[in-house]
Each structure stands twice: as structure tokens, then as C-alpha cells.
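Understanding the architecture of this molecule
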Amino acid sequence: MDANDYLNRVLSAQNLGEDSTELKELQTHRAEVEKLLCASFGSQPIIRYGGSNAKGTIIKEYYDLDIVCYIPSDSDVAGKALAEIYENVRKCLAAKYYVEPRTSALRLKGNSPADYMRDFHIDVVPGRFTDESQTDCFIYQKSAEKCRLKTNLDVHIAHVKGSGVIDAIRLFKLWKTRKSLSVKQFVFELLIIDLLKGMKSKPISDQLLHVWRTISEQADPIHVEDPANPSGNDLTDVMASVWPVLRGAATDTLNTIQWSGWEAVFGQVAATTSFTIAEKAQRAAASVNTPNRPWCPKK
Amino acid sequence: MKGFWHERNPGLLRTVEKEVAAQCSDLLVIVEEDTVRIRGSFPLMDDGMVLDRFLIEITLPPDFPESTPVLREVGGRIPWTADRHVNQRNGEACPIVPEEWLMWPEHESILAFLEGPVRNFFLGQVLVEAGRPWPFGERTHGVPGLFEAYGEMVGASDRNTILRYLDCLSKETLKGHWDCPCGSAKRLRNCHWDDLKALRKKIPPSVAGSALERLGGGTAS
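Residues numbered from 1 in each chain as written. Chains lettered and ligands numbered in written order. Predicted model: local features only at pLDDT ≥ 70, side-chain atom pairs only at ≥ 80, totals over all residues.

1. Focus on the overall build of chain A
Our working rule: The helix and strand labels rest on DSSP assignments: H or I over at least four residues marks a helix, E over at least two residues marks a strand, and numbering proceeds from the N terminus. Restricting the calculation to C-alpha atoms gives the radius of gyration, and the globule rule supplies 2.2 Å times the number of residues raised to the power 0.38. Residues with at least 20 neighbouring C-beta atoms inside 10 Å of their own are called buried, those with 12 or fewer are called exposed, and the rest are partly exposed, where every C-beta is derived from the backbone. Note on contacts: each residue gets a C-beta atom placed from the backbone, and two residues are in contact if those atoms are within 7 Å.
Helix and strand counts for chain A stand at 11 helices and seven strands. Against the globule reference of 19 Å for 299 residues, chain A gives a C-alpha radius of gyration of 21 Å, in line with a compact fold. In terms of overall dimensions, chain A has C-alpha extents of about 60 × 55 × 35 Å along its principal axes. With 299 residues in all, chain A has 33% of them scored as buried. Of the contacts made within chain A by residues no fewer than 6 positions apart, 60% connect residues no fewer than 24 positions apart.

If you want it as C-alpha cells, here you go:
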């Protein structure tokens, strides 16, 4: 099996089937979120789906669903100012979820005793359309220098979907997850797409090596542009803050591939067997030499 | 003891980094201000294959390895509930009663912690997610679970007896004229002297003291 066969197997192992537990759970919460938003704000908000599912970059190891809740430009149903809309959407979702406010999104987690703080991998992004055409949108930026950011979901989705390098993006997402790199996914995607311009037809292993080599050799952060707002969303600082770590990880990975091969980066791909993970875990537990029992300080 | 462990003992930090890099290449050792953390994707291995993965963060305490590392699952997969052995207040996982870990002969090795309590904990989580029981059982939550663990450590079941044993073992030296902690009212030298000396080899004074402290100063209620 050569490197490209191996990488394709890694990608296959990261597929989330339509009937997977993970996607079914996302769909259940998606319906619940829509119900909550409609109950509070009626039929005026435009509720749409973004994130990795919409872009085709979903991986099993790190998946999420972005639900945008955009209010028409002439409506005050969720408040007048962007901050008010953000806060009112948060309050509405807090009826059912533990809501973790992030810069622009509201991350939904469990708040019942059985699933307290379990991450449902759902971000709700409140915003308001800039005009009647309902294309560009303003979203609120909590504790950011600029509290209002213009964006366009369709442009973002089209940029990634039309890049022709979805497989590379998915593998880099897996790499980023495994290495715990805190680079913003969308910014990282923009970087990958930029670096792989003109390399769409190259084998996947060449694409990956090219990106890592370029990052590793570049002392200064590479500039990327938000296609939905090239002049108004300066990503320079975002990239600069993660560049040293990203560069270090890219250099380490190139060394790992050179000395230990690709499997040392993405791990072995399990052969398909009839055993479920739980059955395998049960067998693994049976051969533990030093078992111990978990405890919890509070009842 | 002043300063942080990694400043006092840079050799141990290098060992931690080397062990983690050699066995779990997706985990990174990060020194942030005064704290050493291990962060990344923990592979749940069986027979050379990855069964599953969990995003984790392990904080090595300022007096590592004299205290137990603190484990957190940071991917949001495991709810913060006592039934899943995660502290609801701060998300800290409780893979093992801390003093039990400090009694493991390899407790200074982070690799042993990853391959022992951490792996056992996540094997359990995979099984519990699938609706199965904890593979090695589970400790009762709260103080009763501590008494279970400490009782097994000292070989007693009565709470007051466990406390007396721990109190005895927390002293730097054992004295034969002390009352035997078993409650017989005999002198230690005429009762469980040999047993206590054997226990002392397994349970150092610092571990017994830490157990007493965790019990809130030694109340048996």
C-alpha cells in the first residue's frame, strides 16, 4: 500500500455515514434548536446550516454543525442592536441547553444531570442581514476589537466546496485535531486552499507535504484573505498568533514522515471487523494487568 | 519544597517529554507559565490498534510526582456527571483514588499513568457509552469511596480502624509502645507490628497523610 492508498483509507475511516449515531444526534438537536428559535422569534429568522457538514469537510474525530439564525434587516423581532440579538438568542437557547458564548457563536452543551456539559458539537451563530437581498450578514463579535463583522455563509461554503482540495482539508483537520492545534478552522482552510492553488490534480500525499513544507519554511505568517470580506476582516493577527506553533508542528510532522513514515502521523487504519468498538473494548479490558476503579469526589 | 517540579527537576520534565513523544505522538507536553500540561488526542490502544480516541488535557501538579496528575476530557464527549466519574464543578475526571495511584510502584512515570488509570478510564467510558457496566467496577462516590480504597490499602473495613491505621502510617517512625491501630488495646509491638512495617513499605507517610487530609482531617462519619 503506497502513501496515497493509505491516506485514502484514513479518509474513509473518518467518514460519518448518514445513519451514524453522531449525525442522527446532530439532526435531533438541529430540530430542537429550530423549534426553540421559532417559538421565540416566529418565522422571521432565516435558519440555515453551515459548518463542516455543509462544506463537505466533516470528519468523525471532530465534527460540528453551524446553525445560523439571521434576522431580516428590517426586523426587530430579536432586538435592535447585534449585541441584543446575540443575547436574546442565547437566552432562548438557554431554556434547553447549557450555552457557552464564544466570539460570534453560541456553543450548545448538555444541561440535564445525565449529559451535563456534554458537547453537542453545535454552534448557533446569530446575526442580521445587511439588506433585503439576504446575502451578506453582520454578526456580533463578543469581546473583539470590532464588535460587528460582515460575512457571507454562501461565499464561505462555495469557497471551500469549490476549492477542489476537500480531501486535503479533511486530512489537515484530522492532523490539527490530533495535534491539538488551536488555529481557527476557517482560517486554516483558507491557508490550505491558498497553498494548494495549482496543485488540485497532484496526489494527496504531495498536497500534504507541500503545505507542511511551505509552512515549515516560512518564518513569517502567510497572509490569508476572507473571501466574504477581504477588506473588512483582517486575519493577520489570527494567523500571527498561531504561526509559531503551526510551523513547529509542520516541521515535526515532516521529520516524523521522513523517519517513521505516514502511519506515525495518522496512525494505523483498523481493518474492518465484525466486532463493535464496545466489544473490542471489552476484550481489551479483559487483558488489563492492573485494573483500577474510577471514583468521584462528590455524590 | 520551593518552586515548581519542572524547575527543580528539569531531568524529570525531559523524561516526561521523551516518554510522551515516544508512545503518544499526538500528545504534546506544554509548559504554560508555571504549569506543565499534556494535551492532545489520546489513542485508546489495544493490541497495537487504536480502538478510539479522546481529546484530553493532563495537568501535572506543582509537586509532581508526589501528587496525582489531573485528567480532563476536553472534547466534550463525556458529560460532567458523577456517574461518568467526572467532577461536575470543574470537569476533572477521577480515574482512580489519588492515593491509590501514589501507591503504584511506577507512579513517577507519566507513561504508566497514561497506560494504567487513563487507559482503564477511557475503556470504561467506551463501554458505558455502549450501555455496558464499568469493566473493573467503580468506587462509591464521595467519602464512602475513599474509605473503600483506603480500607483495601490497609486491610481493614471499619472506618475508625482505617483512620487509626492511616494516622499511624502518616508518622515518620513507628513506635512499638503505641496502641495498635487494629483496636485490640494491645501495644503495637505485641500486635500488628510486622503488618504495620510491611504496610509502611507500600504506603509512605506522605500518602497516608494525603489520605487523611482528603478525608477532611480524619472524621469517620
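Moving on, there is more to tell.
2. Focus: the overall build of chain B
Looking only at helices and strands, chain B features eight helices and five strands. Scanning chain B from its N terminus toward the C terminus, one meets helices and strands in the order α-α-β-β-β-β-β-α-α-α-α-α-α. Taking 17 Å as the expected radius of gyration for a compact globule of 221 residues, we find that chain B reaches 19 Å, a close match to that expectation. Dimensions of chain B, computed from the C-alpha atoms along their principal axes, are close to 55 × 45 × 35 Å. A buried classification covers 42% of the 221 residues belonging to chain B.

3. Details of the nonpolar core
Residue and element names in this part refer to chain B. Counted only if it meets this: Nonpolar cores are built from buried Ala, Val, Leu, Ile, Met, Phe, Trp, Tyr and Cys residues. These are joined into a set through C-beta atoms within 7 Å. These domain boundaries are the output of an automatic or database domain assignment.
Counting 64 residues, the largest nonpolar core has Phe42, Phe122, Leu123, Tyr150, Ile162 and Leu166 as its most contacted members. Ranked by residues supplied to this core, first place goes to helix H4 (residues 110-129) with 10 residues. Built from parts of two domains, this core gets at least three residues from each of domain 1 (5-129) and domain 2 (142-214). With residues up to four places along the chain from it excluded, the contact list for phenylalanine 42 reads Cys24, Leu27, Arg53, Phe54, Ile56, Val118 and Phe122.

4. Here's the deal with the interface of chain A and chain B
We count it as follows: Charged residues are taken to be Asp, Glu, Lys and Arg, nonpolar residues to be Ala, Val, Leu, Ile, Met, Phe, Trp, Tyr, Cys and Pro, and polar residues to be all remaining types, Gly included.
Across the boundary between the two partners, chain A contributes 37 residues, which contact 49 residues of chain B. Looking at the side of chain A that touches chain B, the elements that each hand over two or more residues are helix H6 (166-178) and helix H11 (277-286) of chain A. Per-element accounting of the side of chain A that touches chain B gives the leading share, seven residues, to H11 of chain A. Looking at the side of chain A that touches chain B residue by residue, the classes come out as 17 nonpolar, nine polar and 11 charged.

5. Quick word on the sheet that holds strand E3 (residues 49-60) of chain B
Residues and elements named next belong to chain B. To keep things clear, this is the line we draw: Note on pairing: DSSP must find at least two bridges between two strands before they are called paired. The convention used is that axes are lines fitted to C-alpha atoms, helices contributing only their stretch in contact, and that angles between N-to-C directions extend from 0 to 180 degrees.
In space, the five strands of this open sheet follow the order E1-E2-E3-E4-E5, with antiparallel pairing throughout. Strands with a single pairing partner mark the edges of an open sheet, and in this sheet they are strand E1 (27-32) and strand E5 (92-93). Taken together, the four bridges between E3 and strand E4 (residues 70-73) define a ladder with antiparallel strand orientation. Bridging across to E4, isoleucine 58 finds its partner in leucine 71. Across the sheet, H4 touches strand E2 (35-46), E3, E4 and E5, and the angle it forms with E2 is around 55 degrees.

6. Side note on the packing of helix H8 (residues 204-217) of chain A against helix H9 (residues 236-260) of chain A
Residues and elements named next belong to chain A. Threshold: Our angle categories are set so that under 35 degrees counts as roughly parallel, over 145 as roughly antiparallel, 65 to 115 as roughly perpendicular, and the remainder as oblique. Two helices that cross are described as forming a left-handed crossing if the nearer one is turned anticlockwise from the farther one by less than a right angle, and a right-handed crossing if clockwise.
The N-to-C vectors of H8 and H9 enclose an angle of 125 degrees; their axes lie 8 Å apart at closest approach. If you check the angle between H8 and H9, you find them oblique. As H8 packs across H9, the resulting crossing turns out to be left-handed. Counted together, Trp212, Arg213, Ile215 and Ser216 of H8 and Leu246, Arg247, Ala250, Thr251, Thr253 and Leu254 of H9 form the full contact between these two elements.

7. Details of the domain arrangement of chain B
Residues and elements named next belong to chain B. Examined at the domain level, chain B breaks down into domain 1 (5-129) and domain 2 (142-214). In this structure, domain 1 and domain 2 have C-alpha centres spaced 29 Å apart. At the interface, six residues of domain 1 touch 10 residues of domain 2. Residues that form the side of domain 1 that touches domain 2 fall into these classes: three nonpolar, no polar and three charged.

8. Description of unusual backbone geometry
In this structure, proline 65 of chain B follows phenylalanine 64 of chain B across a cis peptide bond, with omega equal to 5 degrees. Turning to its location among the elements, proline 65 of chain B is positioned in the loop between E3 and E4. Even without being glycine, serine 180 of chain A reaches a positive phi, approximately 55 degrees. Checked against the element boundaries, serine 180 of chain A lands in the loop between H6 and helix H7 (185-195).

9. Observations concerning the packing of helix H1 (residues 3-13) of chain A against H6 of chain A
Residues and elements named next belong to chain A. Running from N to C, H1 and H6 cross one another at 75 degrees; their axes reach a closest spacing of 10 Å. It follows that H1 is roughly perpendicular to H6 by the angle criterion. Contact residues: Leu7, Val10 and Leu11 in H1; Asp167, Arg170 and Leu171 in H6. Class assignment for the residues of the contact of H1 with H6 results in four nonpolar, no polar and two charged.

10. A few points about the confidence of the model for chain B
All names here are of chain B. So the rule is basically this: Values of pLDDT, the confidence the predictor places in each residue, fall between 0 and 100.
With 97% of its residues at a pLDDT of at least 70, chain B reaches an overall mean of 92. Between the elements of chain B, mean pLDDT differs from a low of 88, seen in helix H1 (residues 5-8), to a high of 97, seen in E4. In the model output, the complex is listed with pTM 0.83 alongside ipTM 0.87.

11. Description of helix H6 (residues 159-169) of chain B
Looking at H6 of chain B, one finds that the buried residues are Ile162, Leu163, Arg164, Tyr165, Leu166, Cys168 and Leu169 of chain B. Buried-residue contacts for H6 of chain B involve helix H5 (142-154), helix H7 (193-202) and helix H8 (205-214) of chain B.

12. Some thoughts on the environment of lysine 202 of chain A
Considering the arrangement of structural elements, one finds lysine 202 of chain A in the loop between H7 and H8. Counting along the chain gives 73 residues from lysine 202 of chain A to phenylalanine 129 of chain A, while the straight-line C-alpha distance between them is 39 Å.

13. Quick word on the environment of threonine 214 of chain A
If you trace the backbone, threonine 214 of chain A turns up in helix H8. A sequence separation of 37 residues divides threonine 214 of chain A from threonine 251 of chain A, and the C-alpha atoms of the two residues are 9.8 Å apart.

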